[in-house]
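# Secondary and tertiary structure notes
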Amino acid sequence: MSRVSATPSNNPTTAYALLRRLRDHGVETVFGVVGREAASILFDEVEGIDFVLTRHEFTAGVAADVLARISGRPQACWATLGPGMTNLSTGVATSVLDRSPVIALAAQSESYDIFHNDTHQCVDAVGVMRPLTKYAAELQRPDDITDLVDSAVSAAMTEPVGPSFISLPVDLLGAETDTASSRPPARTPEKPLGVVQDGWQAAADEAAELLAEAEHPVLVVGAAAIRSGAAPAVRALAERLGIPVITTYIAKGVLPEGHPLNYGAVTGYMDGILSFPALETLFGPVDVIITLGYDYAEDLRPSMWQRGGEKKTVRVSPTVNPVPRVFQPDVDVVTDVLAFVEHVDERTARLTPKTAHDIAPLRERIAEFLADPETYADGMRVHQVIDCMNTVMAETAETGEGTIVSDIGFFRHYGVLFARADQPFGFLTSAGCSSFGYGIPAAMGAQMARPGQPTFLIAGDGGFHSNSADLETIARLNLPIVTVVVNNDTNGLIELYQNLGHRRSFDPVVKFTGVDFTKLAEANGVEAVRAASREDLVAALRKGAALGRPFLIEVPVNYDFKAGGFGALDI
Ligand code: TP9
Ligand code: MG
């Protein structure tokens, strides 16, 4: 049986129609790895949509996720059949749990030769992807391709936004079809659409009344608020009424760094990291919590705000409450977040501003912690590393610009607490999926979305080396990302869990023999240095930021684990 079914011709093919419709929906980039379907698609069929070759399909998925997140448009990733598709699935899991409108595409065996788990490299792609996606379909006829892309985009752009998947049998991909010219123009929503409940205004009025009566209200903001375009309106409301803003990991930057009403982002590790009752300070005096775009997947659990006296809670979300057992708000407003904020802004026009509750002791603790002048013989501390990154980011980024990306590991929680974010999605991490190895691809997506702005990446040795092959990709694309690898030769977060659970650790489960990350970077075409002190690190960061090419800095680090410590983990 012939494996190459496409006949080279000048007539439009499914591949052409697919790329053209994706481009018409605003997709600029397809990230991926191509297999034998190369016989049916070259990726130069359509102007205005580029292919970026990655070293691993997971990278392709995450880079598409981040480019889509920042651009607000769907973006695409590609894998070959079988193992390419399964490799892609963790990237797809990232965009379903982190809410990003990714169109995932994978080749499949010829349509007449699909025998799952029998034909060479043929597994049930739709079966694998269905539970991870909002839409999953296999192309049955070439003429359907444009409609499938439209359905995939509609599903992806519906709140909660997320990935769609199309499986493409290679014979159909190379077959001729003129569907691209016979369909009406693509209609892509300007922003994600969600549920708008009848009478939501009455619920919003109740929320406005709670605000009026509240002594110390707070706004708890999630990424759906950013996706709805509400960040400027949230800031204006907060400033007019003197209401502090607290965010999830990934909604940092709704208020810029240093804004007096920016009360920071919350992680369950913060009390342990700071050795300070941070959650109590943030939420203890609060009597009304208005959550804007609350999403349980962003890992801000209601148990974190249940401190101090009783509170009234409001949930404002474009989705029907998916987790009523963990969060049953007093007022539930199911609508677009921006529409809610504008409505409440009007309803509270004559309200006098509140006096924000005092978190000065927490701010002092954070400042003192970050300033930590000590030189540790066994490696820097991660808060010192982030302090240096913040310093150089402040020097190099224009006001309101720049991105700090964090891979996954214990250092990530230091990033959530301390990393500067001066714009929405100015700090990027995978809150929902938290797959380690996220760092390089996320930094790629960020740098491609914000080409004129600095991108700093912090990654641990464990997570970074799980996906370090794409160092070559950032070198090939010449993306000026400054990467800091905090190296403790350990899966440190897991060592912490061992200590929490057993009051001791067991090295074979968590320790590595070590990698020279500077040599690794250089072998992949990325200039690199090692820095072991604040002075060296700041100098290296400055050098990297000015270079205009990718740069890597390896920093030996250590954590001060205390057996049984970090009590906040019990939340
Ligand atoms: N496999 C995947 C794909 N993702 C995750 N999150 C795990 C396993 C479990 N997590 S966070 C972590 C693991 C193994 C270790 C991270 O180690 P690191 O050197 O990158 O960071 P650090 O600071 O914790 O040492
Ligand atoms: Mg580590």
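Right above here is the structure, for reference.
As the structure is a computational prediction, the values presented were derived from the model and not from experiment.

The next point concerns the overall build of the protein chain. Of the regular secondary structure elements, the protein chain holds 24 helices and 18 strands. Here the C-alpha radius of gyration of the protein chain, 24 Å, is about what a compact globule of 571 residues would show, namely 25 Å. Dimensions of the protein chain, computed from the C-alpha atoms along their principal axes, are close to 70 × 60 × 45 Å. Burial statistics for the protein chain: of 571 residues in total, 60% are counted as buried. Carbon and sulfur atoms form 50% of the exposed surface of the protein chain, whose accessible area is close to 21600 Å². For the protein chain, the distance from the average position of its 45 positive side-chain charges to the average position of its 71 negative side-chain charges is 2 Å.

Our focus in this paragraph is the site of ligand 1. Ligand 1 sits among 18 residues. The nearest are G462, G463, G492, L493 and Y559. Between ligand 1 and the protein, one listed contact pairs an oxygen atom with a backbone N or O atom of G463 at 2.7 Å. In this structure, an oxygen atom belonging to ligand 1 sits 2.4 Å away from a side-chain N or O atom of Y559. Contact with the protein chains hides 78% of the accessible area of ligand 1, taken as 590 Å² for the molecule alone. Only α17 (410–418), α19 (461–465) and α21 (492–502) provide two or more residues apiece to the shell around ligand 1. The residue inventory of the shell around ligand 1, partitioned by class, reads 7 nonpolar, 10 polar and 1 charged.

Within the span of α21, buried status applies to G492, L493, E495, L496, Q498 and N499. Immediately beyond the C-terminal end of α21, within one or two residues, lies R503, with a positive phi of roughly 60°.

Another aspect to go through is the pairing of strand β15 (residues 455–460). Most of β15 is tucked away, with 6 of its 6 residues classed as buried. Burial along β15 is two-sided: T455, L457 and A459 and F456, I458 and G460, pointing in opposite directions, are all buried. Both strand β13 (residues 403–406) and β15 contribute to a ladder of 4 bridges, which runs parallel. Within β15, the residue paired with S406 across the bridge is I458.

Here we come to a nonpolar patch on the surface. There is a patch of nonpolar side chains on the surface, built from I494, Y497, F506 and V509 and spanning about 390 Å² of accessible area. Structurally, F506 is set in the loop between α21 and α22 (507–510).

Let us look at the packing of aromatic side chains. Two aromatic rings are characterised by how far apart their centres lie and by the angle between their planes. Following the criterion strictly, the structure yields 12 aromatic pairs and no others. What links up through ring pairs into an aromatic cluster is the set Y269, F369, F410, Y414, F418 and Y559. The positively charged end of R69 is found above the aromatic ring belonging to F425, 5.8 Å away from the centroid. Looking at R381, its charged tip hangs above the ring of Y376, at a distance of 4.0 Å from the centre.

Here E159 and P160 are connected by a cis peptide whose omega angle stands at -5°. Examined against the element boundaries, P160 turns out to sit in the loop between α5 (145–156) and β6 (164–169). Here the phi dihedral of N117 falls at roughly 65°; this positive angle occurs in a residue that is not glycine. Relative to the assigned elements, N117 resides in the loop between β4 (102–108) and α4 (125–129). By relative accessible area, which is 63% here, N117 ends up exposed.

To continue, consider the nonpolar core. Residues F283, I290, L292, F340, V385, L541 and I553 are the most contacted members of the largest nonpolar core, which totals 148 residues. Of the residues forming this core, the biggest block, 8 residues, is contributed by helix α2 (residues 57–71). Filtering out sequence-adjacent residues up to four positions away, I553 remains in contact with V482, T483, V484, V485, V529, A531, L537, A540 and L541.

This next bit is on the side chain of T490. Summarising the element assignment, T490 is placed in the loop between β16 (481–487) and α21. Setting aside residues up to four positions removed in sequence, T490 forms contacts with D461, E495, V510, K511 and F512.

Within the protein, the atoms that donate to the magnesium ion (ligand 2) are D461 (OD), N488 (OD1) and T490 (O), at distances of 2.1 to 2.2 Å. Positions of the donor residues of the magnesium ion (ligand 2), expressed as sequence spacing, correspond to D-x26-N-x1-T. Of this pair, D461 sits in helix α19 while N488 sits in the loop between β16 and α21; the two residues are 27 residues apart in sequence, bridging distant segments of the chain. For D461, a relative accessible area of 5% puts it in the buried group.

Mapped onto the elements, P480 comes out in the loop between α20 (471–476) and β16. Sequence separation between P480 and P451 is 29 residues; the distance between their C-alpha atoms is 8.8 Å.

The strand order across the open sheet built from 6 strands is β2-β1-β3-β4-β6-β5, with neighbouring strands paired in parallel fashion. Either end of the sheet is taken by a strand with one partner, and the two such strands are β2 (50–53) and β5 (135–138). Recorded for the sheet is a direction-independent mean angle of 20° between the axes of neighbouring strands. By the bridge criterion, 5 bridges tie strand β3 (residues 75–79) to β4 in an arrangement that is parallel. Bridging across to β4, Q75 finds its partner in V102. Relative to β6, α5 is tilted by about 160°, and along the sheet it contacts β4, β5 and β6.

Spatially, β14-β13-β15-β16-β18-β17 is the arrangement adopted by the 6 strands of the open sheet, whose pairing is parallel. Each of the sheet's edge strands pairs with one partner strand only, and the pair in question is β14 (427–428) and β17 (527–530). In this sheet, β14 lies alongside β13 in parallel orientation, the contact comprising 2 bridges. Residue V405 lies in a different strand from β14, and its bridge partner there is L428.

About the criteria used
- Residues numbered from 1 in each chain as written.
- Chains lettered and ligands numbered in written order.
- Predicted model: local features only at pLDDT ≥ 70, side-chain atom pairs only at ≥ 80, totals over all residues.
- Heavy atoms only, no water.
- Helix = DSSP H or I, 4+ residues; strand = E, 2+ residues; numbered from the N terminus.
- Rg over C-alpha atoms; globule rule 2.2 N^0.38 Å.
- Buried < 20%, exposed > 50% of the residue type's maximum accessible area, 1.4 Å probe, protein only.
- Areas by Shrake-Rupley, 256 points an atom, 1.4 Å probe, with all protein chains shown as cover.
- Lys, Arg positive; Asp, Glu negative; His and termini not counted.
- Charge placed at Lys NZ, Arg CZ, Asp CG, Glu CD.
- Near = heavy atom within 4 Å.
- Polar contact = N/O pair within 3.5 Å; in protein donor to acceptor, adjacent residues only side chain to side chain.
- Nonpolar A, V, L, I, M, F, W, Y, C, P; charged D, E, K, R; others polar.
- Pairing = 2+ DSSP bridges.
- Patch = residues over 30% accessible without salt bridge, like charges linked within 9 Å, V, L, I, M, F, W, Y side chains within 5 Å.
- Salt bridge = Lys/Arg side-chain N within 4 Å of Asp/Glu carboxyl O.
- Phe/Tyr/Trp six-rings, centres within 6.5 Å; stacked < 30°, edge-to-face > 60°.
- Lys NZ or Arg CZ within 6 Å of the ring centre and 35° of its normal.
- Core = buried A, V, L, I, M, F, W, Y, C linked by side-chain atoms within 4.5 Å.
- Contact = heavy atoms within 4.5 Å.
- Donors = N, O, S within 2.8 Å, 3.2 Å for Na, K, Ca; no water.
- Axes fitted to C-alpha atoms, helices over the stretch in contact; angles between N-to-C directions.

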